[in-house]
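Survey of secondary and tertiary structure
Now for the letters of each chain:
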Amino acid sequence: MADLSKLAEPGSPEELLVRRIDFGRLPRHVAIIMDGNGRWAKSRGLPRVEGHRAGVASVRETVETAARLGLEVLTLYAFSVENWKRPRFEVWTLMNLLKEYVRREREALAENDIRFNVLGRWEELDPSVVRELRATVEATRHCRGLSFNIALNYSGRCEIVDACRRIVADWAAGKRADIDEETIGRYLYTSGQADPDLLVRTSGELRVSNFLLWQIAYAEIWVTGTLWPDFRRRDLFEAILDFQQRERRYGGIQQPDPAEDVFASGRLPG
Ligand code: FPP
C-alpha cells in the first residue's frame, strides 16, 4: 500500500483524489504521450523550446508520483523517429535537456529504486547523449521498484521491424523460436514488461502517433486537454481514477446471459 502522505499534502485537493484510488486495482503500466510543449510556450509568447524546458518539471513529478503510487512501469514518449523533422535548434535543445536530466537524476533514481530503461534506436543518437543514457541505465540496473522507460528516437513500427530482424538473426544463428505473439513480445524493446493498461495523451490530440503500437492493443486511452508543462500529479490521479471506472473486456463480454446461449440450452435456431 502506498504511503498517502508522500502522495499529497493533508487537506489538499490532491489528497481528495488520491483517497479515491483503489490501490488493489492500479494499472501496472502507464504510458504517456507528452504533448503540447510548443503550444504552452507560444501561449506565453515564448520560443517553443521553453515549453520543453518547462516540461522537464512535469517529467520529474510524474516519475516521482508513479514510483510513490507503486506502479510497475511508466513509459514516457520523449522523442520520435519523426521528430528529426523539427528545426535543428529545437532538436539540439531537446537532446541537451535529456542529457542534463539523466545526469542530474541518476543518483535520485537509483536511491529510489527506479530502474531506468530507454526504448527506441537510441544508440544512434549523438555519442554524448548515448553516454549519459547508458550511465543511467547502468547505475539503476539493480533497481527493483518502478521501471521507468523513456522512448527516444522511437517509432512503434521501427520497434516491430527491429524485433523481426532480431528474430531472423537468431534463426540464422540456430536459435529458432515459433513465430507467435509471445515470441514477438519477447523481442520488443519492452521485453519482460507488462503491456500498458493505460495510455495517457496530453493536449487534447486524438492520435497514438506511432507509440507502442503492438503493446497498446488493449490499453485504455485517457486524453486530457492539459498541456504537458501543466501536467501535475493530480492529472495522473485523475487518469487512474478514470481508468478504474472502465470495464475491460478484452473482446469478451462481462456477464454472459445463459438464456441467450442457444448452444447451452439446446434451442438451436432453425
Ligand atoms: C511534444 O510537444 C513534446 C516533445 C516532442 C518532447 C517532449 C520532451 C520533454 C517533455 C522535455 C525533455 C524530456 C525529458 C524526458 C527530460 P510538442 O512540441 O509537439 O507540442 P505542440 O504540439 O504544442 O507543438
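Structural data are supplied above this passage.
Report follows, based on the coordinates. (Residues numbered from 1 in each chain as written. Predicted model: local features only at pLDDT ≥ 70, side-chain atom pairs only at ≥ 80, totals over all residues. Heavy atoms only, no water.)

1. A short note on the site of the ligand
By nearness alone, 15 residues border the ligand, and Asp-35, Gly-38, Arg-39, Arg-48 and Arg-86 come closest of all. Take Gly-36: an N or O atom from its main chain is 3.3 Å from an oxygen atom of the ligand. Within the side chain of Arg-48, an N or O atom sits 2.8 Å from an oxygen atom of the ligand. Among the elements of the structure, helix H2 (37–42), helix H3 (48–69) and helix H4 (88–111) are those that each provide at least two residues to the shell around the ligand. (Near = heavy atom within 4 Å. Polar contact = N/O pair within 3.5 Å; in protein donor to acceptor, adjacent residues only side chain to side chain. Helix = DSSP H or I, 4+ residues; strand = E, 2+ residues; numbered from the N terminus.)

2. Notes on the nonpolar core
Counting residues in hydrophobic clusters, the biggest one holds 53 residues, and the most contacted among them are Val-63 and Phe-148. With residues near it in sequence (within four places) discarded, Phe-148 still touches Val-59, Val-63, Leu-74, Leu-76, Tyr-101, Leu-109, Ile-114, Arg-115, Phe-116 and Asn-117. By size, the runner-up hydrophobic cluster in this structure holds eleven residues, among which are Ile-33, Tyr-77, Tyr-154 and Ile-216. (Core = buried A, V, L, I, M, F, W, Y, C linked by side-chain atoms within 4.5 Å. Buried < 20%, exposed > 50% of the residue type's maximum accessible area, 1.4 Å probe, protein only. Contact = heavy atoms within 4.5 Å.)

3. A closer look at the pairing of strand S4 (residues 147–154)
Within S4, eight of the eight residues are buried, leaving the element largely enclosed by the surrounding structure. Bridge analysis of strand S2 (residues 73–80) against S4 gives seven bridges, and the strand direction is parallel. Counted as the bridge partner of Thr-75 is Asn-149 from S4. In this structure, strand S3 (residues 115–119) lies alongside S4, joined through five bridges in parallel fashion. When the bridges of S4 are listed, Arg-115 appears paired with Ser-147. The parallel pair S3 and S4 is bridged by helix H5 (residues 127–139), and the resulting crossover is left-handed. (Pairing = 2+ DSSP bridges. Right-handed = clockwise from strand over helix to strand, strands pointing away.)

4. Looking at the packing of aromatic side chains
Applying the stated criterion to the full structure yields nine aromatic pairs. For the ring pair Tyr-77 and Tyr-154, a centre distance of 5.7 Å and an interplane angle of 90 degrees mean the geometry is edge-to-face. Taken as a pair, Tyr-77 in strand S2 and Tyr-154 in strand S4 lie far apart in primary sequence, 77 residues in all. A relative accessible area of 9% places Tyr-77 in the buried class. (Phe/Tyr/Trp six-rings, centres within 6.5 Å; stacked < 30°, edge-to-face > 60°.)

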